[in-house]
Amino acid sequence: MNFPPDSISRYGSLVSEPQAFFESCARPLSVTGWYNPSKKAVSPLIGTAPDRTTLNWDSNGFKCADMLNERFLMDFLTGAIAIQEESAMTSVHLMDIQPGQRILDLCAAPGNKTAQISTRLGESGTLVANDISKARLGVLHGVIDRMGLANVVTTTYDARQFPIPHRLFDSVLADVPCSCEGTSRKYPGILLKNNQNERTRLVRNQIEILERAVRCVRPGGCVVYSTCTYAPEENECVVNDVLKRAPSGFECELVQVQIPGFHFSPGLTNWNGEHLDDSLSKCARIWPHLNDTGGFFLAILRRCQRDDDVSKDAPKIKTEPILTSEWPWLAHDFSESDLSPWRSIAFSNKYDRLMGQECEPPEGLKIQTIGMTGLNLKSQYPKFSTALALKIGHLARGAWAEIEPERALDYWDRKTVPVLTSQTPYPSTRTMIVRCGGQSLGLGSASDTSLNVQSRFPKVWGGLQIADRIRQIRTL
Ligand SMILES: C[S@@+](CC[C@H](N)C(=O)[O-])C[C@H]1O[C@@H](n2cnc3c(N)ncnc32)[C@H](O)[C@@H]1O
């Protein structure tokens with residue numbers, strides 16, 4: 001391909017070092033991600049990870065050379081880390097998330113930002129994660145289970161018509177579909193795909209989605225608008241249009257983007273001879289050569305508050321304990337107070353779900369899922385799901401088997417592994433939580449008087465064919 005292609009050569013005049021920008025667009029990216037604050041990583045049990053460095057601007061984020069090693073796999077399978085491109089991590093960083101809040105992620109799949117928001121809420125609050133694509137929402141459901149996100153409700157509306165709830169959201173993320181030019185370091189072909197008709201369609205959608213986001217946020221609350229493209233038509237021009245056309249009661253003002261330790265240039269206030277609102281300089285353009293990342297755009301719109309606007313409901317904190325009598329296995333092996341952040345909900349005849357005590361889906365929404373997969377109801381006795389074992393397995397007082405860290409790969413390879421110490425399971429089941437250093441790895445079946453445990457980890461988890469990945473790691 002001639003480089004730079006027309007689609008990005010037009011941005012040369014917008015950056016101070018065009019050559020550095022073009023060269024950077026063609027270079028592959030390093031692996032970046034972040035640590036799940038609610039999970040203790042098991043990988044330190046097999047030694048430190050010298051290849052992981054902390055991000056300059058986010059002490060919870062890391063960069064590393066590759067994913068093909070045992071430590072990375074351990075932390076990924078247990079949900080202790082998420083993989084996410086560095087520039088894409090910034091949108092949620094700008095949302096001032098407080099425990100107990102109600103948040104809407106309008107275009108949520110495959111779910112990286114959903115996971116960021118959910119873990120920042122901790123075990124509190126409610127996050128509605130919406131995406132028009134049921135298939136992509138399936139990937140998001142996998143993220144929910146792998147990372148143990150009990151406060152997420154999923155829906156599958158067209159964001160342009162997302163039902164406006166009676167009680168508005170504290171903040172909304174509109175991470176809209178776009179021409180994705182900023183992902184060229186990962187997907188080089190993307191720069192050849194764009195055409196004018198497609199851009200016109202995208203822009204129309206982006207404006208309608210952002211307008212809907214503004215209607216769903218409470219007065220005084222913020223909408224973060226983000227794209228992974230450089231195109232001003234999809235960035236500043238969309239925001240300018242929404243600010244300009246806002247009907248009475250839905251006016252917004254832009255808030256200055258600030259990310260200490262991370263470099264970006266201000267939003268444009270002119271494009272193609274058109275003068276845009278001066279406040280658009282408060283937006284952020286993340287160019288790949290500035291921080292060695294992908295490209296990204298960010299805007300924060302605060303919905304204006306009038307004197308007569310009062311917040312309808314403050315976040316409620318509910319504290320009823322989980323009904324362990326409904327889950328006899330839990331009553332035997334867990335203390336009720338350890339389980340107090342969650343409750344169970346009968347959602348289908350296959351699985352009960354685990355949800356945060358405070359998680360309350362807005363009324364009137366057609367819901368795909370609430371919380372995460374809990375007990376498996378398909379057999380004679382309800383059984384743990386892998387997601388539930390990973391979420392609460394470290395709290396179990398019975399029904400666990402501890403194995404050596406050096407056996408963890410064999411366990412994920414679905415082998416039978418020797419047990420170091422164990423506590424017997426509930427009499428009606430042979431299911432055990434397999435642990436390492438007290439942290440849960442997943443499920444197993446007790447065999448031959450607890451000397452060994454047979455792995456019951458799924459073959460595919462987090463979208464990964466685990467046996468293939470282990471084979472690759474072992475042949476390195
Ligand atoms: C940029 S991606 C979102 C990435 C996601 N926020 C993340 O961090 O993993 C855009 C998403 O918007 C969804 N989408 C496209 N049109 C939509 C619409 N009209 N309503 C809701 N979602 C839409 C796509 O299916 C896609 O998953």
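It should be noted that the structure appears before, not after, this text.
Figured I'd write up the structure that's included with this text. (Residues numbered from 1 in each chain as written. Predicted model: local features only at pLDDT ≥ 70, side-chain atom pairs only at ≥ 80, totals over all residues. Heavy atoms only, no water.)

**Let's talk about the state of the cysteines**
Here is step 1: This structure, assessed with the given rule, holds zero disulfides.
Here is step 2: Cys25 carries a free sulfur, and the closest cysteine sulfur to it, the one in Cys228, is 13 Å from it.
Here is step 3: Here Cys283 stays free of any disulfide, with the sulfur of Cys237 as its closest cysteine sulfur at 11 Å.
Here is step 4: Taking relative accessible area as the criterion, Cys283 reaches 1% and is therefore assigned buried. (Disulfide = S-S within 2.5 Å. Buried < 20%, exposed > 50% of the residue type's maximum accessible area, 1.4 Å probe, protein only.)

**Thoughts on the nonpolar core**
Here is step 1: Within the largest apolar cluster, 87 residues are counted, with the highest numbers of intra-cluster contacts made by Leu77, Phe334, Phe384, Ile392, Trp412 and Leu441.
Here is step 2: Non-local contacts of Ile392, meaning those with residues more than four positions away in its chain, are made with Leu330, Phe334, Leu339, Trp342 and Phe384.
Here is step 3: Core analysis: the second largest hydrophobic core is formed by 42 residues, Cys107, Val128, Ile207 and Cys283 among them. (Core = buried A, V, L, I, M, F, W, Y, C linked by side-chain atoms within 4.5 Å. Contact = heavy atoms within 4.5 Å.)

**Notes on the packing of helix 7 (residues 196-216) against helix 8 (residues 236-245)**
Here is step 1: As a packed pair, helix 7 and helix 8 sit with axes 9 Å apart at the nearest point and diverge in direction by 50°. Between helix 7 and helix 8, the angle is such that the two are oblique. Where helix 7 crosses over helix 8, the handedness of that crossing is right-handed. Counted together, Val203, Gln206, Ile207, Leu210, Glu211 and Val214 of helix 7 and Val238, Val239, Asp241, Val242 and Arg245 of helix 8 form the full contact between these two elements.
Here is step 2: Here the residues of the contact of helix 7 with helix 8 sort into seven nonpolar, one polar and three charged. (Axes fitted to C-alpha atoms, helices over the stretch in contact; angles between N-to-C directions. Helix = DSSP H or I, 4+ residues; strand = E, 2+ residues; numbered from the N terminus. Parallel < 35°, antiparallel > 145°, perpendicular 65-115°, else oblique. Left-handed = near helix turned anticlockwise from the far one by under 90°. Nonpolar A, V, L, I, M, F, W, Y, C, P; charged D, E, K, R; others polar.)

**So, empty space enclosed by the protein**
Here is step 1: Summed over the entire model, instances satisfying the criterion amount to two cavities of 30 Å³ or more.
Here is step 2: The computed volume of the largest cavity comes to approximately 80 Å³.
Here is step 3: Lining the largest cavity are Asn36, Pro37, Ser38, Ser118, Thr119, Gly122, Glu123, Gly148, Leu149, Ala150, Asn151 and Lys391.
Here is step 4: Within the lining of the largest cavity, the residues separate by chemical class into three nonpolar, seven polar and two charged. (1 Å grid on protein atoms, 1.4 Å probe; cavity = no way out; pocket = protein on both sides within 12 Å on 5 of 7 lines; lining within 4 Å. Points joined across faces, edges and corners; volume = space filled by probe spheres on them.)

**A word on helix 5 (residues 112-121)**
Here is step 1: The buried fraction of helix 5 amounts to eight of the 10 residues, a majority that puts the element mostly inside the structure.
Here is step 2: Buried within helix 5 are the following residues: Lys113, Thr114, Ala115, Gln116, Ile117, Ser118, Thr119 and Leu121.
Here is step 3: Backbone geometry just after helix 5 places Gly122 at a positive phi near 70°.

**Here we look at the packing of aromatic side chains**
Here is step 1: Under the counting rule described, the total for this entry stands at 16 aromatic pairs.
Here is step 2: Seen in terms of ring centroids, Phe21 and Trp287 are 5.1 Å apart; in terms of plane orientation they differ by 80°. Their pairing is edge-to-face. Of the two residues, Phe21 sits in helix 2 (residues 18-26) while Trp287 sits in the loop between strand 14 (284-286) and helix 9 (288-291), which places them 266 residues apart along the sequence. When sorted by exposure, Phe21 lands in the same class as Trp287, which is buried.
Here is step 3: Taking 5.0 Å as the distance between ring centres and 55° as the angle between the ring planes, the aromatic pair formed by Tyr35 and Phe62 counts as tilted. On the criterion of sequence distance, the pair formed by Tyr35 in strand 1 (residues 31-35) and Phe62 in strand 3 (residues 61-64) is long-range, its members being 27 residues apart.
Here is step 4: Site record: aromatic cluster; members linked through ring pairs are Tyr11, Phe21, Phe22, Tyr230 and Trp287.
Here is step 5: Taking NZ or CZ as reference, Arg102 lies 5.5 Å from the ring centre of Phe169, over its face.
Here is step 6: Positioned above the aromatic ring of Phe250 is the side chain of Arg215, whose terminal nitrogen or guanidinium carbon lies 4.2 Å from the ring centre. (Phe/Tyr/Trp six-rings, centres within 6.5 Å; stacked < 30°, edge-to-face > 60°. Lys NZ or Arg CZ within 6 Å of the ring centre and 35° of its normal.)

**What to know about the site of the ligand**
Here is step 1: Of all residues adjacent to the ligand, which total 19 residues, the nearest are Asp131, Arg136, Asp158, Ala159 and Asp175.
Here is step 2: The separation between an oxygen atom of the ligand and a polar main-chain atom of Ala109 is 3.0 Å.
Here is step 3: One nitrogen or oxygen atom from the main chain of Pro110 is found 3.4 Å from an oxygen atom belonging to the ligand.
Here is step 4: For the ligand, whose accessible area on its own is 600 Å², the fraction buried by protein is 87%.
Here is step 5: Classifying every residue of the shell around the ligand gives 10 nonpolar, four polar and five charged. (Near = heavy atom within 4 Å. Polar contact = N/O pair within 3.5 Å; in protein donor to acceptor, adjacent residues only side chain to side chain. Areas by Shrake-Rupley, 256 points an atom, 1.4 Å probe, with all protein chains shown as cover.)

**Digging into the sheet that holds strand 1**
Here is step 1: Taken in spatial order, the four strands make up an open sheet running 2-3-1-4, and their pairing is antiparallel. Edge positions in the sheet fall to strand 2 (53-54) and strand 4 (81-83), since each of these pairs with one other strand and no more.
Here is step 2: Contacting strand 1, strand 3 and strand 4, helix 3 (residues 70-77) runs over the sheet at an angle of about 100° to strand 4. (Pairing = 2+ DSSP bridges.)

**Re the pairing of strand 25 (residues 439-447)**
Here is step 1: Taking burial as the measure, the nine residues of strand 25 include eight buried ones, the bulk of the element.
Here is step 2: Relative to strand 25, strand 24 (residues 431-436) is paired through six bridges, and the arrangement is antiparallel. Paired with Thr431 across the two strands is Ser445, which belongs to strand 25.
Here is step 3: Taking the residues that link successive antiparallel strands as the turn, the strand 24-strand 25 hairpin has two residues, and the phi of Gly437 there is positive, at about 60°.
Here is step 4: Summarising the sheet, strand 25 and strand 26 (residues 452-455) pair through four bridges and their orientation is antiparallel. In the strand pairing of strand 26, Gly444 is matched with Ser455.

**Section: unusual backbone geometry**
Here is step 1: Omega for the peptide link from Ala109 to Pro110 comes to 10°, which places this bond in the cis form.
Here is step 2: Tracing the backbone through its elements, the reader meets Pro110 in the loop between strand 5 (102-105) and helix 5.
Here is step 3: With phi around 55°, Asn272 is a residue other than glycine that occupies positive phi space.
Here is step 4: The topology assignment puts Asn272 in the loop between strand 12 (270-271) and strand 13 (274-275).

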